[in-house]
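Summary of structural features
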Amino acid sequence: MGNENAEQIIVTRSVSETMGLGRSIARSLKSGSIVAMDGPLGSGKTVLVRGMVDELGGNTALVGSPTFGLVHEYPISGDRRLVHMDCYRMSSREDLDSIGWSGFAGEEDSITVVEWADRISGALPENVVRVLAGHVAQDSRAFEIQGVKIQAESSSSSPGEMP
């Protein structure tokens, strides 16, 4: 097993490849895991979550951006849930408390995925999986991943450089 803290950069060239990367990340997660994601709008964060939900036995048709609902819960295998949250409009611990953060983050029945995680960095434990998403071209995205060792699903997903 390689160094899980080493940074990996994986470039995807389609929605399908981005979903495949999400499935690969999901295979590395355990119950209680927290994935902290950052990156501009349209950089593939929600598509990555759709791949995670798919790999974990959930219904991908339910996956959407949590921008307006702040928190979406998706049932996944093993009587667990993937909690997908958006912290763009959050600025304090009180904001997190108001959405029930302590009831799911790090809990054994949950995997928590946080978009705009930089907004709540002080509330995150040290051992989170970090994903920084970026645009490379119209259909290509680069994902800088730290905290898990990922084996890309497709041979066409190759290491690259962040834009």
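Our structure is the block above this text.
Attention here is on the structure that accompanies the text. Each chain has its residues counted from 1, running along the sequence as written. Side-chain atom pairs in this predicted model are given and counted only at pLDDT of 80 or more, local residue features only at pLDDT of at least 70, and totals for whole chains, interfaces and linings cover all residues. The side-chain values count all of the structure's non-hydrogen atoms but skip hydrogen atoms and water molecules.

Let us look at the environment of Cys87. On the secondary structure map, Cys87 appears in the loop between strand 4 (80-86) and helix 3 (93-98). Residues Cys87 and Glu115, 28 residues apart in the sequence, show an inter-C-alpha distance of 6.1 Å. Helix and strand assignments follow DSSP, with helices taken as H or I runs no shorter than four residues and strands as E runs no shorter than two, numbered in order from the N terminus.

This brings us to the pattern of salt bridges. Any two side chains of opposite charge can pair if their charged atoms end up close together. For this analysis, a salt bridge means a side-chain nitrogen from Lys or Arg found within 4 Å of a carboxyl oxygen belonging to Asp or Glu. Enumeration over the complete set of coordinates arrives at four salt bridges. Notably, a salt bridge pairs Arg23 with Asp54, separated by 3.3 Å at the nearest N-O pair. Residue Arg23 is found in helix 1 (residues 15-27), and its partner Asp54 is found in helix 2 (residues 45-55); the two are separated by 31 residues along the sequence. Across the pair Arg27 and Glu55 runs a salt bridge whose closest N-O atoms are separated by 3.1 Å. Here Glu55 lies in helix 2 and Arg27 lies in helix 1, a separation of 28 residues in the sequence. Of the residues examined, Glu55 reaches a relative accessible area of 32% and is grouped as partly exposed. What you see here is one network of salt bridges that share partners, running through Glu73, Arg81 and Asp109. Each residue gets one of three labels from its accessible area relative to the maximum for its type: buried under 20%, exposed over 50%, partly exposed in between, using a 1.4 Å probe on protein chains only.

Two kinds of site are reported from a 1 Å grid over the protein atoms alone, namely cavities, where a 1.4 Å probe fits but cannot get out, and pockets, open sets with protein on both sides within 12 Å along at least five of seven lines, and residues are called lining when an atom falls within 4 Å of a point. Grid points are joined across faces, edges and corners, and a volume is the space filled by probe spheres set on the points. Reported here for the second largest pocket is a volume of approximately 250 Å³. In terms of lining residues, the second largest pocket is bounded by 19 residues, among which Gly42, Ser43, Gly44, Lys45 and Val47 are the most central. Looking at which element gives the most residues to the lining of the second largest pocket, the answer is helix 2, with three residues. Classifying every residue of the lining of the second largest pocket gives four nonpolar, ten polar and five charged. Put simply, Ala, Val, Leu, Ile, Met, Phe, Trp, Tyr, Cys and Pro go in the nonpolar bin, Asp, Glu, Lys and Arg in the charged bin, and everything else, Gly too, in the polar bin.

Burial analysis of helix 2 places eight of its eleven residues in the buried class, the great majority of the element. Those residues of helix 2 that sit buried are Lys45, Thr46, Val47, Leu48, Val49, Gly51, Met52 and Val53. Residue Gly57 follows helix 2 closely and has a positive phi angle near 85°.

Here the focus is helix 1. In this analysis, the expected span of each helix is defined as 1.5 Å times one less than the number of residues it contains. With 13 residues, helix 1 extends 19 Å from end C-alpha to end C-alpha; this agrees with the ideal 18 Å at 1.5 Å per step. Here helix 1 lies mainly inside the structure; ten of its 13 residues are buried. All buried positions along helix 1 are accounted for by Glu17, Thr18, Met19, Gly20, Leu21, Gly22, Arg23, Ser24, Ile25 and Ala26. The secondary structure elements touched by the buried residues of helix 1 are strand 1 (8-12), helix 2, strand 6 (129-135) and strand 7 (141-146). Only heavy atoms enter the contact rule, under which two residues are in contact if any of them lie within 4.5 Å.

With that settled, consider the pairing of strand 7. Strand pairing follows a simple DSSP-based rule, namely that at least 2 bridges must link the two strands. Here five bridges tie strand 1 to strand 7, and the two strands are oriented antiparallel to one another. Residue pairing for strand 7: Gln8 is matched across the bridge by Ile145. As paired strands, strand 6 and strand 7 are joined by six bridges and run antiparallel to one another. Pairing of Gly134 across the sheet is with Ala142, part of strand 7.

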